[in-house]
Amino acid sequence: MTKDFLQITDFTADEIKGTFDIAEKLKKGDSSYSNILKGKTVACIFHKPSLRTRISFETGIYELGGYSLYITDKEIELGVRESIYDAAKVLSRFVGIITIRTFEHALVEQLAEHAEIPVINALTDLTHPCQVMGDIFTAKEHLGKVDNLKIAYLGDGNNVCNSWLNLASRIPMDLRIGTSPDTLPDEVTFNRARDAGISTITVTQDASLAVADADVIYTDVWASMGQKHLADHKIQLLREFQVNDELVSKASPNCIVMHCLPANRGQEITDSVMDGKHSVVFDEAENRLHIQKAIMVQLMGRR
Ligand code: CP
Ligand code: NVA
């Protein structure tokens, strides 16, 4: 059993559902876990900007009795000023958990390999597991179930899309990815999800086909952090995948619309959908707090 949470596939289906049970209790104000980080510091290393992830982690750490230490790359210059191995060993002597948001996923894997404490992926170029855990927890709240949902992911085949594929390796779903041939998700992640044989996974260039009768319509920015120079090119590739009222009308009448935020309103999603009756985007944002607290509870229990 892993001590880290680098990808959703680090948890079994039972552990994922167990995490939802803990998050549900935490959201209701259950105080059973309020001392789980007592006397512990959590290093929050951020090499990219963040509103939701940083604030929800720091707030969650405080609510679990711990202290959070925000560290940008300027302070520790991970892998530059000293090796990842040495930094991992030193951090393990000081803090109880490391959360890290960075570019290269391999850096996080190396840190986790050498650290003697849990490491949590707070977003890499490859995946954003805490996000999609919070998203499926939000879908469960609104739709009353987790298994066998029809999920339409529209737009860039990015880190969030890859995390949906990882979730599809664990939880049965009908996942339709609407994207262009030049913005496909990570091939290794896609093949692993398909080979897991748990979910139906379709990739289509037809946005209407992707959303037909869907329970969940999901989108994210077309140019992720670190790719902003590609923004104009991505707009050309992905304009047909904009989540607008016309597209939403093709999904289930009770569908929910999700976006991990931050959004480029008017680009991948229109104002009327973001602010419309199907949108649950701010519930998703709130649930980052509850689900990340639950993930920390799970990891502390495994040490
Ligand atoms: N959704 C999300 O991770 O937001 P931030 O980049 O603001 O943390
Ligand atoms: N795909 C986006 C997600 C932001 C939360 C990015 O990596 O910038």
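Residues numbered from 1 in each chain as written. Chains lettered and ligands numbered in written order. Predicted model: local features only at pLDDT ≥ 70, side-chain atom pairs only at ≥ 80, totals over all residues. Heavy atoms only, no water.

Asker: Please set out the site of ligand 1 residue by residue, giving values where relevant.
Answerer: As a structural note, the neighbourhood of ligand 1 is formed by S50, L51, R52, T53, R101, H128, Q131, C260, L261 and R288. Contacts to ligand 1 include Q131, whose side-chain N or O atom sits 2.9 Å from a nitrogen atom. One nitrogen or oxygen atom from the side chain of R288 is found 3.1 Å from an oxygen atom belonging to ligand 1. Protein coverage of the free-state accessible area of ligand 1, which is 260 Å², stands at 96%. (Near = heavy atom within 4 Å. Polar contact = N/O pair within 3.5 Å; in protein donor to acceptor, adjacent residues only side chain to side chain. Areas by Shrake-Rupley, 256 points an atom, 1.4 Å probe, with all protein chains shown as cover.)

Asker: Any details on the sheet that holds strand β2 (residues 67–72)? Residues and values, ideally.
Answerer: Within the open sheet, the four strands sit side by side as β2-β1-β3-β4. Their pairing is parallel. What marks the edges here is a single partner per strand, and that holds for β2 and β4 (119–121). Sheet twist, expressed as the average angle between the axes of neighbouring strands with direction ignored, equals 20°. Direction of pairing for strand β3 (residues 97–101) relative to β4: parallel, over a ladder of three bridges. Within β4, the residue paired with T99 across the bridge is I120. (Pairing = 2+ DSSP bridges. Helix = DSSP H or I, 4+ residues; strand = E, 2+ residues; numbered from the N terminus. Axes fitted to C-alpha atoms, helices over the stretch in contact; angles between N-to-C directions.)

Asker: I'd like a description of the site of ligand 2, backed by residues and values.
Answerer: Near ligand 2, the surroundings consist of L123, H128, N158, N159, D220, V221, S224, M225 and L261. Separating a nitrogen atom of ligand 2 from a side-chain N or O atom of D220 is a distance of 2.6 Å. Within the contact set of ligand 2, a nitrogen atom lies 2.7 Å away from a side-chain nitrogen or oxygen of S224. For ligand 2, whose accessible area on its own is 270 Å², the fraction buried by protein is 95%. Its residues assigned to classes, the shell around ligand 2 comprises four nonpolar, four polar and one charged. (Nonpolar A, V, L, I, M, F, W, Y, C, P; charged D, E, K, R; others polar.)

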